[in-house]
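Architecture and fold: a report
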Amino acid sequence: AKNLGGSRTSFFREEFNHQLQAALQLEAEMRQALERNEFVLHYQPLVDARSGALLGCEALIRWQHPIRGLLSPFHFIPAAEQCGLISELGAWTIRSACQQIARWKEAGLQVGTVAVNVSALEFRHHRLLDTLTTAIAASGVRPGELEIELTESVLMTDIQTTQLIIERLHALGLPLSVDDFGTGYSSLSYLKHLRPAKLKIDRSFVKDLPGEEGDQVLVRAIVQLAHSLGIKVVAEGVETEAQQAFLRDIGCEILQGYLISRPQDAKGFEAFARRVSNT
Ligand code: C2E
Ligand code: CA
Ligand code: CA
Ligand code: CA
C-alpha cells in the first residue's frame, strides 16, 4: 500500500481495508461457488494395518476454482468459518458425502465407513442435526456408513453441550472420530464420556517415526490408552514403509496416508477400492 500521508494510522487503515476487501470478495466468490457447484470431495482410504483391507475413507473438500485451479481447504475453510458460510459449506459436504455413499451402494461397491470433517462453528450450529437427519433420510445411509470427525479442541469446549450433541449423533447412528489427536493439550477425561469409536493420531507424531524416540513413546502410550477404553486407533499421514511397520507392530489397527493412497476424486478412489478388494 502507498503511504502518501506518511502516517502509520493511514497505512494500517489502508492495510485493514485491503484485507477486509479481500475477505468480502472471497465470501462472495464462495457463495457463487456453492451455486455453481465448484466444490468437490476427494476421498482418502483408511485401511487395516495388518491385512490392507479397505475399512473406509475420509472425505476432504476442495474448490475447483475457475481461475486459481484446485484449492486446498486451507485456502477457504478458515475464511468460511469467519464469515459464517461454514454451516452452508458443511451442509453441502454432508449431502454430497451421503449421495456418494448411496451411489457406491447402488454400484455394489463396498467402501466401508465414509468420514466427514465437521468444524468447530459448524458443530455448534443448530442446523447440523437437521442437515444430518435430512441427508441421511434422503440418501438411505445406514448406521455405520457415515462417521463424523471432530478435533480434540472442539470436543474440549463446553463439554456438557458437546456431550448432548454427541449423544444425538449416536442416536442417528453416527460414530465419532477424534481428529488430530494429541494436539489439543487435553485432559483426556472427555474420552470416557464421549465414547469415540476412533482416535486419529495427528501426523505430527507420525512423521518422524520410527526414528524419533519421543514420538515412539507417545504413540505407544496413545495406542494403549485408546485400547484400554475400547477405542480404535488411526495413524494419519503414513508416508513410509518403516512407519507402517512400526505402527502395525505396536497394535495401531488403521492406517491413512500417502503410502496407501493420496486423496483422490470419486473415480480415483473407486479404482483403489476395486483394486484392494480384488487382492
Ligand atoms: P485433516 O482432517 O487432518 O485431514 C488430513 C489432511 O492430511 C488432508 O489435507 C490430507 O490430504 C492430508 N494427508 C493425508 N495423508 C497425508 C500424508 O501421508 N502426508 C501428508 N503430508 N499429508 C497427508 P487436506 O485435504 O488439505 O485437508 C486439510 C484440512 O482441511 C483437514 O485436515 C481438515 O481439517 C480440513 N478439511 C478438509 N475437508 C473438510 C471439510 O469438508 N470440512 C471441514 N470443516 N474441514 C475440512
Ligand atoms: Ca480429518
Ligand atoms: Ca487429522
Ligand atoms: Ca489436521
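Source: prediction; values computed, not measured. (Residues numbered from 1 in each chain as written. Chains lettered and ligands numbered in written order. Predicted model: local features only at pLDDT ≥ 70, side-chain atom pairs only at ≥ 80, totals over all residues. Heavy atoms only, no water.)

Comments concerning the coordination of the calcium ion (ligand 4)
- Protein-derived coordination of the calcium ion (ligand 4) comes from Asp 180 (OD) and Asp 180 (OD), at a distance range of 2.8 to 2.9 Å.
- Separating the calcium ion (ligand 4) from the calcium ion (ligand 3) is a gap of 3.5 Å, bridged by Asp 180, which donates to each.
- If you trace the backbone, Asp 180 turns up in strand S6 (residues 176-181). (Donors = N, O, S within 2.8 Å, 3.2 Å for Na, K, Ca; no water. Helix = DSSP H or I, 4+ residues; strand = E, 2+ residues; numbered from the N terminus.)

Brief notes about the site of ligand 1
- The environment of ligand 1 is made up of 22 residues, and the closest members are Gln 44, Arg 62, Asp 179, Glu 239 and Tyr 258.
- Contacts to ligand 1 include Ile 61, whose backbone N or O atom sits 3.0 Å from a nitrogen atom.
- Calculation on ligand 1 without its partners gives an accessible area of 800 Å², and the protein chains cover 84% of this total.
- Elements with a contribution of two residues or more to the shell around ligand 1: strand S2 (54-65) and S6. (Near = heavy atom within 4 Å. Polar contact = N/O pair within 3.5 Å; in protein donor to acceptor, adjacent residues only side chain to side chain. Areas by Shrake-Rupley, 256 points an atom, 1.4 Å probe, with all protein chains shown as cover.)

Remarks on the pairing of strand S5 (residues 146-151)
- For S5, the tally of buried residues reaches 5 of 6 residues, placing the bulk of the element in the interior.
- Relative to S5, strand S4 (residues 113-117) is paired through 4 bridges, and the arrangement is parallel. Residue pairing in the sheet places Asn 117 in a bridge with Glu 149 of S5.
- Both S5 and S6 contribute to a ladder of 4 bridges, which runs parallel. (Buried < 20%, exposed > 50% of the residue type's maximum accessible area, 1.4 Å probe, protein only. Pairing = 2+ DSSP bridges.)

So, the packing of helix H3 (residues 86-106) against helix H5 (residues 127-139)
- Look at H3 against H5: their axes get within 9 Å of each other, and the N-to-C directions meet at 20°. Between H3 and H5, the interaxial angle falls into the category roughly parallel. Of the two elements, H3 crosses H5, and the hand of that crossing is right-handed. Residues Ser 87, Glu 88, Ala 91, Ile 94, Arg 95, Cys 98, Gln 99 and Ala 102 of H3 pack against Arg 127, Leu 128, Thr 131, Leu 132, Ala 135, Ile 136 and Ser 139 of H5. (Axes fitted to C-alpha atoms, helices over the stretch in contact; angles between N-to-C directions. Parallel < 35°, antiparallel > 145°, perpendicular 65-115°, else oblique. Left-handed = near helix turned anticlockwise from the far one by under 90°. Contact = heavy atoms within 4.5 Å.)

Comments concerning the environment of Cys 83
- Structurally, Cys 83 is set in helix H2 (residues 77-83).
- The spatial distance from the C-alpha of Cys 83 to the C-alpha of Leu 24 is 8.5 Å, given a sequence separation of 59 residues.
- In this view, Cys 83 contacts Glu 27 and Met 30; residues no more than four positions away in its chain are not counted.

What about the coordination of the calcium ion (ligand 3)?
- In this structure, Asp 179 (OD), Asp 180 (OD), Glu 236 (OE) and Glu 236 (OE) serve as the protein donors to the calcium ion (ligand 3), at separations of 2.2 to 2.5 Å.
- Spacing between the donor residues of the calcium ion (ligand 3) along their common chain follows D-D-x55-E.
- Between the calcium ion (ligand 3) and the calcium ion (ligand 2) the interatomic distance amounts to 3.9 Å, and Asp 179 serves as a bridging ligand to the pair. Here Glu 236 lies in the loop between strand S8 (232-235) and helix H11 (241-249) and Asp 180 lies in strand S6, a separation of 56 residues in the sequence.
- Assessed through its relative accessible area of 11%, Glu 236 is described here as buried.

A word on the pattern of salt bridges
- In this structure the tally under the stated criterion is 9 salt bridges.
- The partner of Glu 145 in a salt bridge is Lys 105, with the nearest N and O atoms 2.9 Å apart. Placement of the pair is Glu 145 in the loop between H5 and S5 and Lys 105 in helix H3, with a sequence separation of 40 residues.
- Take Glu 145: its relative accessible area is 14%, and that puts it in the buried class.
- A salt bridge links Asp 249 to Arg 248; its shortest N-O distance comes to 3.9 Å.
- In this structure, a network of salt bridges that share partners links the residues Glu 58, Glu 149, Lys 200 and Glu 236. (Salt bridge = Lys/Arg side-chain N within 4 Å of Asp/Glu carboxyl O.)

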